[in-house]
Amino acid sequence: MSSKLVLRELRSLQAANQLRAAVPFGALVQQPPDEVRRRLTVSQMKTMVLPKLPQLTQHALSLVLGFEEMLVFPVGGGADQTLSIGRLPHNDLVVQEPSVSSRHAQLVWSQDERVVSIRDLGSTNGTFLNGAQVTSEPASLSDGEVLSLGDAAFVFVTIDSLEGLLRMGTT
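Residues numbered from 1 in each chain as written. Predicted model: local features only at pLDDT ≥ 70, side-chain atom pairs only at ≥ 80, totals over all residues. Heavy atoms only, no water.

**Considerations on the environment of Ala-15**
Quick reminder of the rule: Only DSSP runs of H or I with at least four residues qualify as helices, and only runs of E with at least two residues qualify as strands; both kinds are numbered from the N terminus onward. Buried, partly exposed and exposed residues are distinguished by accessible area as a fraction of the type maximum, computed with a 1.4 Å probe on protein chains only: under 20%, between the cut-offs, and over 50%, respectively.
Tracing the sequence through the fold places Ala-15 in helix α1 (residues 7–15). Residue Ala-15 is classed as exposed on the basis of its relative accessible area of 66%. The spacing of Ala-15 and Arg-167 is 152 residues in sequence and 9.7 Å in space, taken between C-alpha atoms.

Now the structure itself:
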């Protein structure tokens, strides 16, 4: 698993055919605040028509409307790994949002099963997967699911979906 990127870096990697090297399995893509997403969605609705896709469609606008500074955390690929997520710098994935606990959750990558799962570490504001609270028992992430850590929200996308969404954003 590699370090965080921003969406504009993913676009550059895709253009250079190096995206799969940087994101071998999938990624957590930060969602902009609801008010920003709503404002841009309304302004773009007249000119953008999205095809009927699975659950990921409802979040696709966040990836294609030019939020170039959104954080992207590649996950998966290589050996089994456990990453800590939290607000403080000693975490593997640092989310600088006041509602995220200092040590909020853990992401676990299983190479054999090719699965990424999340578990809460007793955070103050909770960890949620599609609105359902995640406990200390691991919950597997599927393509297009929304992971919320306090007020910070991310969409988990596989590399295939990420490539498609980036292509959609550049056409």
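Additional details are given in the paragraphs that follow.
**Observations concerning the sheet that holds strand β9 (residues 132–134)**
The pairing of strands in a sheet comes from backbone hydrogen bonds and takes either a parallel or an antiparallel form. Inclusion rule: Strands pair, by our definition, only if DSSP identifies at least two bridges between them.
Reading across from one edge, β1-β3-β2-β12-β11-β8-β9 is the order of the 7 strands in this open sheet, with antiparallel pairing throughout. Unpaired on one side and paired on the other, β1 (5–6) and β9 mark the two borders of the sheet. Pairing between β1 and strand β3 (residues 71–75): 2 bridges, direction antiparallel. Bridge assignment links Val-6 to a residue of β3, and that residue is Leu-71.

**Focus: the nonpolar core**
Definition in use: In this description, a nonpolar core means a group of buried Ala, Val, Leu, Ile, Met, Phe, Trp, Tyr and Cys residues linked to one another through side-chain atoms lying within 4.5 Å. For this analysis, residues touch if any pair of their heavy atoms sits within 4.5 Å.
Core analysis: the largest hydrophobic core is formed by 24 residues, its most contacted members being Leu-28, Leu-107, Val-116, Ile-118 and Leu-141. Excluding anything up to four places from it in sequence, Val-116 contacts Phe-25, Val-75, Leu-107, Val-108, Trp-109, Ala-139, Ser-140, Leu-141 and Phe-156. Leu-13, Val-157, Ile-159 and Leu-165 belong to the second largest nonpolar core, which has 18 residues in total.

**Quick look at the pairing of strand β4 (residues 81–86)**
Both faces of the sheet carry side chains from a regular strand, because those side chains alternate between them. Examined bridge by bridge, β4 and strand β6 (residues 105–110) share 5 bridges and lie antiparallel to one another. Its bridge partner lying in β6, Thr-82 is registered against Val-108. Of the pairings in the sheet, the one linking β4 to strand β5 (residues 93–94) comprises 2 bridges and is parallel in character. Bridge pairing links Ile-85 to Leu-93 in β5.

**Things to note about the packing of aromatic side chains**
The relative placement of two aromatic rings is captured by the distance of their centres and the angle of their planes. Going by this rule: Any two of the Phe, Tyr and Trp rings considered here, Trp counted by its six-membered ring, make a pair once their centres fall within 6.5 Å; the pair's planes then place it as stacked at under 30 degrees, edge-to-face at over 60, or tilted in between.
Taken as a whole and assessed by the stated rule, the structure comprises 3 aromatic pairs. Judged by centre distance (6.4 Å) and plane angle (35°), the rings of Phe-25 and Phe-156 are tilted. Of this pair, Phe-25 sits in the loop between α2 (19–22) and β2 (26–30) while Phe-156 sits in strand β12 (residues 152–158); the two residues are 131 residues apart in sequence, bridging distant segments of the chain. You'll find Phe-25 and Phe-156 in the same group, each marked buried. With a centroid separation of 5.9 Å and an interplanar angle of 55°, the aromatic rings of Phe-73 and Phe-154 are classed as tilted. With a gap of 81 residues between them, Phe-73 in strand β3 and Phe-154 in strand β12 connect regions that are remote in the sequence. Phe-154 shares its class with Phe-73; the two are buried. Joined through ring pairs, the aromatic side chains of Phe-25, Trp-109 and Phe-156 make up one cluster.

**Structural notes on unusual backbone geometry**
Its identity is not glycine, yet Asn-17 carries a phi of approximately 55°, on the positive side. Secondary-structure assignment places Asn-17 in the loop between α1 and α2. Of note in this structure, Asn-130 is not a glycine but carries a positive phi near 55°. Mapped onto the secondary structure, Asn-130 falls in the loop between β8 (127–129) and β9.

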